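Examining the three-dimensional arrangement
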Amino acid sequence: MKEALEQFFIFVGLLVCLVYLMKCVRFSKCIFLHFWKVLPRSFLKSMGEWAVITGAGDGIGKAYSFELARQGFNVVLISRTLEKLQAIAAEIELTIGSTVKIIQADFARDDIYDYIKEKLKGLEIGILVNNVGMLPNLLPSHFLNTSDDIQSLIHCNITSVVKMTQLILKHMESRQKGLILNISSGVALFPWPLYSMYSASKAFVCTFSKALQAEYKDKGITIQAVILSLIPSWAFYSSVFQKMLLTRYVDYLKKNANIR
Ligand SMILES: NC(=O)c1ccc[n+]([C@@H]2O[C@H](COP(=O)([O-])OP(=O)(O)OC[C@H]3O[C@@H](n4cnc5c(N)ncnc54)[C@H](OP(=O)(O)O)[C@@H]3O)[C@@H](O)[C@H]2O)c1
């Protein structure tokens, strides 16, 4: 009996050590991300010659544009402000040497896709980053008090993902390879009161990406939703967090931020 108990405690101890070892390895992966190449560089490059990035003039889209150029892709940059696109194109061509195409388009409209299609004609597109997105109100506000321009948000956050995917996936399917990254947000993981349109639009991006991945994974195409968030996703899923968000947080904001 004593021996069996001893064996049991040794087993539990080893299990705990193993769990913590795995946690350490996962943590070191985050710190040494640069050296921890999950996939060889050749995998990305095998997708095709060009990468297309929407909302490339600033922020995350701009960062993707530089990184994909560094990975050896020629890049197509799409956003509204021509001057910003020209400056980024010049910098990429000068510092990295990739070829850059720029397309000026406003994703808040839905009549731009024939123009984009024409501009992308003939390019072997291996990667599409559906990054463009707008947050209609920075400060929390009720649905009825947000700006009237709901259609722009739907076009920018939802239509752009669907239409750009439709344009490019067709060619990826015929080549049996490609990678589509749809930029979502942590607010997609759970309904966010006072940011209802934005969180719902980002939830669409996740659901759409998962469903498409199931449809197209056996055709050699990878489709992923990228969840960007400052809050770890386990927190979103915890019932304590969800309860706090739906009750105390909203009550607090209503009281203190003068939200009707
Ligand atoms: N930043 C975050 O903390 C965060 C967190 C979670 C998720 N996200 C998501 O990540 C993505 C990028 O965020 P970000 O903060 O990097 O964006 P951002 O800095 O606000 O904008 C990036 C680019 O999008 C372009 N853009 C905006 N509206 C456009 C439109 N209607 N048509 C064409 N281009 C447009 C802008 O171009 P112009 O300047 O030329 O207009 C800008 O160059 C978004 O989908 C966002 O929802 C961001």
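Residues numbered from 1 in each chain as written. Predicted model: local features only at pLDDT ≥ 70, side-chain atom pairs only at ≥ 80, totals over all residues. Heavy atoms only, no water.

Quick look at the pairing of strand β1 (residues 50–54)
Working note: regular strand, side chains alternate between the two faces of the sheet. Most of β1 sits inside the fold, with five of its five residues counted as buried. Going residue by residue along β1, you find Trp50, Val52 and Thr54 tucked away on one face and Ala51 and Ile53 tucked away on the opposite face as well. Of the pairings in the sheet, the one linking β1 to strand β2 (residues 74–79) comprises five bridges and is parallel in character. Each bridged residue has a counterpart across the sheet, and for Ile53 the counterpart in β2 is Leu77. As for the winding sense of the linkage, the β-α-β connection from β1 through helix α3 (residues 59–70) to β2 is right-handed. (Buried < 20%, exposed > 50% of the residue type's maximum accessible area, 1.4 Å probe, protein only. Helix = DSSP H or I, 4+ residues; strand = E, 2+ residues; numbered from the N terminus. Pairing = 2+ DSSP bridges. Right-handed = clockwise from strand over helix to strand, strands pointing away.)

Describing the side chain of Ser184
Position of Ser184 relative to the elements: it lies in strand β5 (residues 178–185). A distance of 2.9 Å separates a polar atom in the side chain of Ser184 from the backbone oxygen of Lys202. Residue contacts for Ser184: discarding those within four places in its chain leaves Lys202, Val205, Cys206, Val226, Ile227 and Leu228. (Polar contact = N/O pair within 3.5 Å; in protein donor to acceptor, adjacent residues only side chain to side chain. Contact = heavy atoms within 4.5 Å.)

Looking at the site of the ligand
Lining the immediate environment of the ligand, one finds 23 residues, of which Arg80, Thr81, Lys84, Asn131 and Tyr198 sit closest. Here Asp106 contributes a side-chain N or O atom positioned 2.9 Å from a nitrogen atom of the ligand. Separating an oxygen atom of the ligand from a side-chain N or O atom of Lys202 is a distance of 2.8 Å. Mapped by element, the contributors of at least two residues to the shell around the ligand are α3, β5 and α7 (196–216). The dominant element in the shell around the ligand, judged by the number of residues it contributes, is β5, at three residues. Considering only residue class, the shell around the ligand consists of nine nonpolar, nine polar and five charged. (Near = heavy atom within 4 Å. Nonpolar A, V, L, I, M, F, W, Y, C, P; charged D, E, K, R; others polar.)

Focus on the packing of aromatic side chains
Scanning the entire structure with this criterion turns up three aromatic pairs. Over the face of the ring belonging to Tyr20 we find Lys23, whose NZ or CZ atom lies 5.9 Å from the ring centre. It is Lys45 that lies over the ring of Phe73; its NZ or CZ is 5.0 Å from the centre. (Phe/Tyr/Trp six-rings, centres within 6.5 Å; stacked < 30°, edge-to-face > 60°. Lys NZ or Arg CZ within 6 Å of the ring centre and 35° of its normal.)

Brief notes about the packing of α3 against helix α4 (residues 82–95)
Where α3 contacts α4, the axes come no closer than 10 Å and their chain directions differ by 25°. When the axes of α3 and α4 are compared, the pair comes out roughly parallel. Here α3 and α4 pass one another in a crossing that is right-handed. Two secondary-structure elements touch here, α3 through Lys62, Ser65, Phe66 and Ala69 and α4 through Ile88, Glu91, Ile92 and Thr95. Broken down by class, the residue content of the contact of α3 with α4 amounts to four nonpolar, two polar and two charged. (Axes fitted to C-alpha atoms, helices over the stretch in contact; angles between N-to-C directions. Parallel < 35°, antiparallel > 145°, perpendicular 65-115°, else oblique. Left-handed = near helix turned anticlockwise from the far one by under 90°.)

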